[in-house]
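Structural overview for review
Here is what each chain is made of, one letter per residue.
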Amino acid sequence: VNQTQGDFCFTLVHPMFVDDCWVEAGSFLKRAVDESRGRYDIFSVRRDIQAGSQHLWLLFRGENEMILAATTMFCFYPLKKNLAVVFLGSNDDSCWIKHRELIVNTLEDFARENGCDGIEATGREGWVRVLSPFGWEKVFTIVEKDLGIK
């Protein structure tokens, strides 16, 4: 699964090829993973991708210059199936905004092809502003308290 726009290609990586691109992809994802409040570490994300429970997506400029990595997973609810954007990272914070149309369109197509009812993402407030032009809306606020048990 991939889509191109000009010199850019956003593509899904098959789990058997994760090792070939993980050093760079993992470095892009690490900052986002570190913000997961202990839900994931970079090693658990890699294991999920290799097991097929998360999907690794890469954005390339030209033939082989990786500039962004993202992960998604299917979320199964009693009445819906959604594609969830779990992590997204790049060395250039504006990269996502510059290429959001290509990324969003590719993920929407992938979600439809896989029988999803919608797409969701959990993130900081700024995501609402970035995604609202594509029909996304804020629907929940998550609050959390760490009980310090570990």
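Preceding this paragraph is the structure being described.
Our subject in this report is the structure included herewith. This one's a predicted model, so the numbers in the text were calculated from it and none came from an experiment.

**Some points on the packing of aromatic side chains**
Taken as a whole and assessed by the stated rule, the structure comprises six aromatic pairs. With centroids separated by 5.8 Å and ring planes inclined at 15°, the aromatic side chains of F74 and F110 adopt a geometry described as stacked. Separated by 36 residues along the polypeptide, F74 in strand 4 (residues 65-76) and F110 in helix 4 (residues 100-113) bring together distant segments of the chain. With centroids separated by 5.1 Å and ring planes inclined at 50°, the aromatic side chains of W96 and W127 adopt a geometry described as tilted. Placement of the pair is W96 in helix 3 (residues 95-98) and W127 in helix 5 (residues 126-131), with a sequence separation of 31 residues.

**Some thoughts on the pattern of salt bridges**
Per the counting criterion, the structure on display carries 10 salt bridges. Note that K98 is salt-bridged to D92, the shortest N-O span being 3.3 Å. Residue classification places D92 among the partly exposed residues on the basis of a relative accessible area of 34%. Between R112 and D109 there is a salt bridge, with the nearest N and O atoms lying 3.5 Å from each other. Highlighted residues: R112 and D109, both in helix 4, separated by three residues, approximately one helical turn. Residue R112 is classed as exposed on the basis of its relative accessible area, which comes to 57%. Of the residues examined, D109 reaches a relative accessible area of 30% and is grouped as partly exposed.

What counts as what
- Residues numbered from 1 in each chain as written.
- Predicted model: local features only at pLDDT ≥ 70, side-chain atom pairs only at ≥ 80, totals over all residues.
- Heavy atoms only, no water.
- Phe/Tyr/Trp six-rings, centres within 6.5 Å; stacked < 30°, edge-to-face > 60°.
- Helix = DSSP H or I, 4+ residues; strand = E, 2+ residues; numbered from the N terminus.
- Salt bridge = Lys/Arg side-chain N within 4 Å of Asp/Glu carboxyl O.
- Buried < 20%, exposed > 50% of the residue type's maximum accessible area, 1.4 Å probe, protein only.

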